[in-house]
Amino acid sequence: MLKQEIFRMRQKATKFTFLLISFFIFHACVSQKTQFGTRTTIKDSKDSSRALEKISLIKNLNYTDFKPGKFENGEISLNYRFLNPQNLEKSKRYPLILVFHGSGAIGQNNTSQMGVLSKMWLLPTNRKLYPTFVLSPQFPVRSSNYHLDKKRKVQVSESNEYLDLLLKSIDSLSNHENIDRSRIYVMGFSMGGATTMNAISKRPDLFAASVNISGISQFDNKQNLTNLPIWIVHGSLDTDNFPQSNFKFYEEMKDIGKIFLWEYKDKYHNNILSADLIEQMPQWLFKQQK
């Protein structure tokens, strides 16, 4: 009996040691992948069942907690949906996450923009661990257009008056809601990733961090982005938004700014959202503060 008990104790100790080592290895890998100035190559040739289940779960979430609204300036208007922290305390201030949609969600129905990057904040774990306001505007036209930068030989993005209206409206929104101005984050996919770059270029003072997923970069104001944390994600096989623009931006900023790049070697445009990415974005964003 004594030998059996000793054997069971050794098994438990071995299992605990294995779990402990795995924990530290995982967090060391995460830390390395999100270290400024690094370009991480990720090979993920086949979407795991966990990743597919995670994305499917998010897509099927009910987004009625996002309340509809509209920004106007007398000339143009912009629909949006707005999510409050689950247990909003009037005495506290919370981050604001601005989410930009891709071109497939252009319109005025105020629903199409509710994709994975918006609805991921409805996951019970995120609602509990990352209480935040989330603003998801819907652009009635393209929020960013692209043209060739002949000097760099890559596409670059440019925005329009709708983004200007939105950025001014965030200033007003921050005065009326319990928003922590030191923790305003911006993220987007595809055209929304490009609009993310336009937004931080226009208002580097406004944001505490940004995530550009499969977008097109904006180079005009990069000298004022050196203190802004920027995370770029792109698939090497992307033929909708070729990755060279983001790769070039990373190369120009890696030695002077707070930037890192995830390059998915086996991913295209529309399969870029992995479970790993969805899980790590909230953790990383909430560590950033002006």
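Caption draft 1: Region of the structure containing the overall build of the protein chain. Along its length, the protein chain carries eight helices and 11 strands. Relative to its 290 residues, the protein chain shows a buried fraction of 51%. A total accessible area of about 14,800 Å² is found for the protein chain, and carbon and sulfur atoms account for 51% of it.

Caption draft 2: View of the nonpolar core. Grouped together as the largest cluster of nonpolar side chains are 40 residues, with contacts concentrated most on Leu135, Leu166, Phe207 and Phe249. The element that contributes the greatest number of residues to this core is helix α5 (residues 161-176), accounting for seven residues. Those residues in contact with Phe207 that sit more than four places away from it in its chain are Leu98, Leu167, Ile184, Tyr185, Val186, Ala199, Ile200, Leu228 and Lys290. Judged by nonpolar contacts, the second largest core, of 36 residues, contains Leu83, Leu122, Ala209 and Leu285.

Caption draft 3: Spatial organisation of the sheet that holds strand β5 (residues 133-138). Strand order in the open sheet made by the nine strands is β1-β11-β10-β9-β8-β4-β5-β3-β2, with mixed pairing throughout. Of all strands in the sheet, those with a lone pairing partner are β1 (39-42) and β2 (67-72), marking the two edges. On average, adjacent strands in this sheet sit at an angle of 20° to one another, irrespective of strand direction. Helix α7 (residues 244-253) contacts β1, β9 (209-213), β10 (230-235) and β11 (259-264) of the sheet and is inclined by roughly 145° relative to β11. Along the sheet, helix α8 (residues 275-285) contacts β8 (179-189), β9, β10 and β11; its crossing angle with β9, the most-contacted strand, is approximately 165°.

Caption draft 4: Broad picture of unusual backbone geometry. One non-glycine residue, Asn110, lies in the positive phi region at around 60°. Summarising the element assignment, Asn110 is placed in the loop between β4 (94-100) and α3 (116-119).

Caption draft 5: Structural detail: the pairing of strand β3 (residues 77-83). In terms of residue burial, β3 counts as a mostly covered element, since six of its seven residues are buried. When β2 meets β3, the two strands line up antiparallel, connected through six bridges. By the bridge assignment, Gly69 is partnered in β3 with Tyr80. What sits between the antiparallel neighbours β2 and β3 is a turn of four residues, in which Gly74 has the positive phi angle 95°. Examined bridge by bridge, β3 and β5 share five bridges and lie antiparallel to one another. Directly across from Tyr80, in β5, lies its bridge partner Pro137.

Caption draft 6: Just the side chain of Asn241, in detail. If you trace the backbone, Asn241 turns up in the loop between β10 and α7. Separated by 3.0 Å, the side chain of Asn241 and the backbone oxygen of Ser214 make a polar contact. Non-local contacts of Asn241, meaning those with residues more than four positions away in its chain, are made with Tyr146, Ser190, Met191, Ser214, Gly215, Ile216, His234 and His269.

Caption draft 7: The arrangement of the pairing of β10 in detail. Along β10, six of the six residues are buried, which leaves the element largely enclosed by surrounding structure. As paired elements, β9 and β10 share four bridges and run parallel to each other. Counted as the bridge partner of Asn212 is Ile232 from β10. Chirality of the crossover, the property in question, places the unit of β10, α7 and β11 among those that are right-handed.

Caption draft 8: Representation of the pattern of salt bridges. For the coordinates displayed, the defined rule picks out 16 salt bridges. Residue Asp276 is joined to Lys33 by a salt bridge in which the shortest nitrogen-to-oxygen separation is 2.9 Å. Of this pair, Asp276 sits in helix α8 while Lys33 sits in helix α1 (residues 2-33), and the two are 243 residues apart along the sequence. With its nearest N and O atoms 3.4 Å apart, the salt bridge here joins Glu252 to Lys222. Note that Glu252 is positioned in helix α7 and Lys222 in the loop between β9 and β10, a separation of 30 residues in sequence. Linked through salt bridges whose partners overlap, the residues forming this network are Arg39, Glu251, Lys254, Glu263 and Lys265.

Criteria and cut-off values
Residues numbered from 1 in each chain as written. Predicted model: local features only at pLDDT ≥ 70, side-chain atom pairs only at ≥ 80, totals over all residues. Heavy atoms only, no water. Helix = DSSP H or I, 4+ residues; strand = E, 2+ residues; numbered from the N terminus. Buried < 20%, exposed > 50% of the residue type's maximum accessible area, 1.4 Å probe, protein only. Areas by Shrake-Rupley, 256 points an atom, 1.4 Å probe, with all protein chains shown as cover. Core = buried A, V, L, I, M, F, W, Y, C linked by side-chain atoms within 4.5 Å. Contact = heavy atoms within 4.5 Å. Pairing = 2+ DSSP bridges. Axes fitted to C-alpha atoms, helices over the stretch in contact; angles between N-to-C directions. Polar contact = N/O pair within 3.5 Å; in protein donor to acceptor, adjacent residues only side chain to side chain. Right-handed = clockwise from strand over helix to strand, strands pointing away. Salt bridge = Lys/Arg side-chain N within 4 Å of Asp/Glu carboxyl O.

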